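# An overview of the molecular structure
Okay, here's what each chain looks like letter by letter:
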Amino acid sequence: MAHDGMERSGGQSAPRQGPAGDSLYMIRPTLDDLPVAPFPEGYGIRAMRLDEAGLWTDIQRDAEPFFEVQSEWFGQAFGGDPDAVPQRCYLIVNARGVAVGTVSAWYNNNYHGETWGQVHWLAVRPAYQRRGLARAALAYCLAQLARWHDRAYLGTHSERIGAIRLYLEMGFRPDLDHPGARAAWLALRDKVGYPFQ
Ligand SMILES: CC(C)(COP(=O)(O)OP(=O)(O)OC[C@H]1O[C@@H](n2cnc3c(N)ncnc32)[C@H](O)[C@@H]1OP(=O)(O)O)[C@@H](O)C(=O)NCCC(=O)NCCS
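Keep in mind the model is a prediction, meaning the values are calculated, not measured.

Cut-offs and rules
Starting from 1, residues in each chain are numbered consecutively following that chain's sequence as written. Owing to the predicted nature of the model, reporting of local features is limited to residues with pLDDT of at least 70; listing and counting of side-chain atom pairs is limited to 80 or more, with chain, interface and lining totals taken over all residues. No hydrogens and no water enter the side-chain calculation; it runs on all heavy atoms of the structure. By definition, a salt bridge exists where a carboxyl oxygen of Asp or Glu is found within 4 Å of a side-chain nitrogen of Lys or Arg. Each helix corresponds to a stretch of at least 4 residues labelled H or I by DSSP, and each strand to a stretch of at least 2 residues labelled E; elements are numbered beginning at the N terminus. Each residue gets one of three labels from its accessible area relative to the maximum for its type: buried under 20%, exposed over 50%, partly exposed in between, using a 1.4 Å probe on protein chains only. Throughout, a contact is declared for two residues whenever any of their heavy atoms are within 4.5 Å. Under the rule applied, a polar contact is a pair of N or O atoms within 3.5 Å (in protein, one hydrogen donor and one hydrogen acceptor; residues adjacent in sequence only if both atoms are side-chain atoms). Only protein atoms enter the calculation, which uses a 1 Å grid: trapped sets of points that fit a 1.4 Å probe without letting it out are cavities, open sets showing protein on both sides within 12 Å along at least five of seven lines are pockets, and any residue with an atom within 4 Å of a point is a lining residue. Grid points are joined across faces, edges and corners, and a volume is the space filled by probe spheres set on the points.

Turning our attention to the pattern of salt bridges. The tally for this structure, following the rule as stated, stands at eight salt bridges. Between Arg125 and Asp62 there is a salt bridge; the shortest N-O distance is 2.9 Å. Taken together, the residues span a long stretch of sequence, with Arg125 in the loop between strand 6 (114–124) and helix 4 (133–148) and Asp62 in helix 1 (residues 53–63) at a distance of 63 residues. With a relative accessible area of 12%, Arg125 lands in the buried category. Residue Asp62 is classed as partly exposed on the basis of its relative accessible area of 36%. When salt bridges that share partners are traced, they join Arg46, Arg49, Asp51 and Glu52 into one network.

Further remarks concern the environment of Arg173. Within the element layout of this structure, Arg173 appears in strand 8 (residues 173–174). By relative accessible area, which is 33% here, Arg173 ends up partly exposed. Non-local contacts of Arg173, meaning those with residues more than four positions away in its chain, are made with Tyr25, Met26, Ile27, Leu168 and Tyr194. Among the polar contacts made by the side chain of Arg173, one reaches the main-chain carbonyl oxygen of Leu168 at a distance of 3.1 Å.

This brings us to the layout of surface pockets. By volume, the largest pocket amounts to about 750 Å³. Along the wall of the largest pocket there are 27 residues; nearest its centre are Gln129, Ala134, Gly162, Ala163 and Leu166. For the lining of the largest pocket, the secondary structure elements donating two or more residues are helix 1, strand 6, helix 4 and helix 5 (161–169). The element that contributes the greatest number of residues to the lining of the largest pocket is helix 5, accounting for seven residues.

Here you go:
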């Protein structure tokens, strides 16, 4: 996730805030020792086609609890490199081929001024949550990122507790190199069960 759907809060020392809480970032400084997490029986993942932006938006709209997903967000996220979409964007599918989730193994050429792989726009439809689909999709996404990158980051929000728990489990750590990040992560310590100092 990267679209903030929010306004910039005042002051240099506060993270951006919006309906999903503070904007937070996490990093995985290496793509070594990647987690293994197979899909549950009957589920899998496939490459997305460029003409499936509407389906991607539908999944995001279904999954997103905090704000209204706009149709142009797919283009804003991926339109800068359409040729990469079939390689880096994926749909989680059930046994009948129905798309129930999505994740992208994207990139950013200017994260802290350098190129990083990016876990982008992970979402699972509510009717299919808590079956291990996001865990399996994230493991797949990290393995794909490792083809092109040696580190990865992601953007999330402080209200996305389930996602943050999963990212911690998969080896991501808070990126404290943002204004106000340390205080924002400290406030989350108990909710996400991680001993931030
Ligand atoms: C976050 C999201 C992708 C998780 O999808 P999911 O398929 O339900 O996740 P999984 O079943 O793979 O869960 C893996 C682990 O993540 C954590 N987790 C996931 N959802 C959780 C929740 N609602 N509450 C607490 N922990 C949660 C748990 O540790 C879980 O393991 P467990 O089920 O063994 O306890 C899904 O809730 C979603 O689409 N949310 C809305 C969009 C969003 O916030 N995306 C993340 C953007 S950064």
